[in-house]
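Architecture and fold: a report
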Amino acid sequence: MDKKTVRDVDVSGKKVIVRCDFNVPIDDGGNITDDTRISASLPTIRYLCEGGAKVILMSHLGRPKGKVDDKYSLSPVAKRLGELLGTDVLMADDVIGEDAAKKASELAEEQIMLLENVRFHKEETENDPGFAKKLADMADIYVNDAFGAAHRAHASTAGIAKHLPAVAGFLIEKELKALGQALENPARPFTAVLGGAKVSSKIGVISNLLDRVDNLLIGGGMAYTFFKAKGLNVGKSLLEVDHIQTAVKALEDAKQKGVNLVLPSDVVVATAFNNDAKHHTVDAEGIPEQYMGLDIGDKTIGAFRDIILGSATVVWNGPMGAFEMPNFAKGTREVAEAMARCGGATIVGGGDSAAAVKRMGYADSMTHVSTGGGASLELLEGKELPGIAALMNK
Ligand code: ADP
Ligand code: MG
């Protein structure tokens, strides 16, 4: 990585403001239902404390739309973070207000405080320079460790870096290493598994990957636009008419670049988008008019599994079917299982794919499961993330 990290700055006695991604799911009772993102921030926070820093944390949570809204308070996060660290985390009542400023100025070395939700100010998402300056004024050094927000050019992810020495935390370093290594210098064979709902949301990923992979396995809803591009009937399956040409071009590019692009040879079709709908498996050429494809079939699972097991690097983005419904989750589960068994580097990027892998119990068997859906998608597209571009070069 060509960006400076927390290892490259002396934090002893300094006030360090750290942008984390504490955007965790919270239920109606105010309970955090998945604290993966909080856990992922611990190495950087611990490192700064051990180095004698005064630590100021900030994050967004949900979409409070620029207004103070208790429903989106970060208080539950301060509490959980304190439990995970085994130390008290001081919670500020505001972001750049009196309470935050007072608590920040009184911080002792190794003490940790958390500002309120940065999106309580509309200036955050507007990347307002004045707001970014006020955040910066509280500290001496800026650390970005919010990988999940690094694709946004906001005040706390990009603007603030103009005012302070700005470095990456360990989570951002780890995410960039996993995805960067796979994209820039993969052990081969390199296989990408792509799925999810739509071709349109993955065009950039497809074209970037076609320049890099040996195998491109396509499942999920996007497969049907590819079927159509090959002249097959897709019944009531998800189809993006405007992107049939995109699929035609991808098929041509794959051939020209020598990429083994594999489409499903069979799919599970159902009469409706409903777990209880009548369903059965058909060959790709035989999708009945009144049916929609909701998962890959067993023949396809077998073919995908063989390729995955024979790969030295596998990157996966997008579920193989409508996995939220148990009757259409098998393809996604079997791909996860094959990746878990694969001896090579296995990386999962994408919000829904990561959620599926976690829910199905395979997260610990992967080399890396990204904490950022949108951010990992943009890395897979080959884009530079504004929250990372803003940091100091080595
Ligand atoms: P990710 O977040 O991993 O990038 P996407 O957001 O692109 O993935 O797609 C996830 C969604 O795609 C899931 O909600 C899933 O139900 C849907 N999906 C997958 N296959 C199909 C299909 N055959 N028909 C309709 N929806 C599908
Ligand atoms: Mg998604």
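As a reminder, the structure under discussion sits directly above these lines.
Numbering of residues starts from 1 in each chain and follows the order in which that chain's sequence is written. Lettering for chains starts from A, numbering for ligands starts from 1, and both go in the order in which the items are written. Totals for whole chains, interfaces and linings use every residue, but because this is a predicted model, local features are given only for residues with pLDDT of at least 70 and side-chain atom pairs only at 80 or more, for both listing and counting. Just so you know, side-chain values use all the structure's heavy atoms and leave hydrogens and water out.

Some thoughts on the packing of helix H6 (residues 170-184) against helix H13 (residues 373-380)
At a minimum axis separation of 10 Å, H6 and H13 run at an interaxial angle of 25°. Judged by the angle between their axes, H6 and H13 are roughly parallel. Regarding H6 and H13, the two cross each other, and that crossing is right-handed. Together, Leu176, Leu179 and Leu183 of H6 and Ser376, Leu379 and Leu380 of H13 make up the contact between the two elements. When residues are grouped by polarity, Ala, Val, Leu, Ile, Met, Phe, Trp, Tyr, Cys and Pro land in nonpolar, Asp, Glu, Lys and Arg in charged, and all others, Gly among them, in polar. Among the residues forming the contact of H6 with H13, the class breakdown is five nonpolar, one polar and no charged. Axis lines are fitted to C-alpha atoms, over the contacting stretch for helices. Their N-to-C directions set the angle, which ranges from 0 to 180 degrees. Under the scheme used here, helices are H or I runs from DSSP no shorter than 4 residues and strands are E runs no shorter than 2 residues, and both carry numbers assigned from the N terminus. Note that the term roughly parallel is reserved for angles under 35 degrees, roughly antiparallel for angles over 145, roughly perpendicular for angles of 65 to 115, and oblique for everything else. Crossing handedness: left-handed means the near helix sits turned counterclockwise from the far one by under a right angle, and right-handed means the same turn made clockwise. In what follows, residue pairs with any heavy atoms lying within 4.5 Å of each other are defined as contacts.

Examining the packing of aromatic side chains
Ring pairs shown here join Phe, Tyr and Trp side chains whose ring centres sit within 6.5 Å, with only the six-membered ring taken for Trp; geometry is labelled stacked below 30 degrees between planes, edge-to-face above 60, and tilted in between. Tallied over the full model, the rule gives two aromatic pairs. Consider the rings of Tyr224 and Phe227, whose centres lie 5.4 Å apart with planes at 80°: the pair is edge-to-face. Of this pair, Tyr224 and Phe227 both sit in helix H8 (residues 223-229), separated by three residues, roughly a single helical turn. A 1.4 Å probe rolled over the protein chains alone gives each residue an accessible area, and that area as a share of the maximum for its type sets the label: buried under 20%, exposed over 50%, partly exposed in between. When its relative accessible area of 1% is taken as the criterion, Phe227 is described as buried.

Section: the site of ligand 1
Each residue is tested against the molecule or strand, and it is near if at least one of its non-hydrogen atoms lies within 4 Å. Near ligand 1, the surroundings consist of 19 residues, among which Lys202, Gly293, Glu324, Asp352 and Ser353 are the closest. Measuring from a nitrogen atom of ligand 1, one finds a backbone N or O atom of Gly293 at 3.0 Å. Each polar contact in these results corresponds to two N or O atoms within 3.5 Å; when the atoms are within protein, one needs to be able to donate a hydrogen and the other to accept it, and residues that are neighboring in sequence are counted only if both atoms are side-chain atoms. Between Gly351 and ligand 1, the recorded distance is 3.3 Å, taken from a backbone N or O atom to an oxygen atom. Each accessible area is a Shrake-Rupley estimate made with a 1.4 Å probe; only the visible protein chains count as cover when residues are assessed. Burial of ligand 1 by the protein amounts to 84% of the accessible area it has alone, namely 580 Å². When contributions to the shell around ligand 1 are tallied by element, the ones reaching two or more residues are strand E12 (292-296) and helix H12 (351-359). Here the shell around ligand 1 gets three residues from one element, more than from any other, and that element is H12. For the shell around ligand 1, the per-class residue count stands at six nonpolar, ten polar and three charged.

Observations regarding the sheet that holds strand E3 (residues 89-91)
For two strands to pair, DSSP has to find at least two bridges joining them. Read across the open sheet, the six strands follow the order E3-E4-E2-E1-E5-E6; overall the sheet is parallel. Of all strands in the sheet, those bounded by a partner on one side alone are E3 and strand E6 (166-168). When strand polarity is set aside, the average angle formed by the axes of neighbouring strands in this sheet is 25°. Note that E3 and strand E4 (residues 112-114) share three bridges and pair parallel. Directly across from Met91, in E4, lies its bridge partner Leu114. Running at roughly 170° to E3, helix H2 (residues 75-85) makes contact with strand E2 (54-58), E3 and E4 of the sheet.

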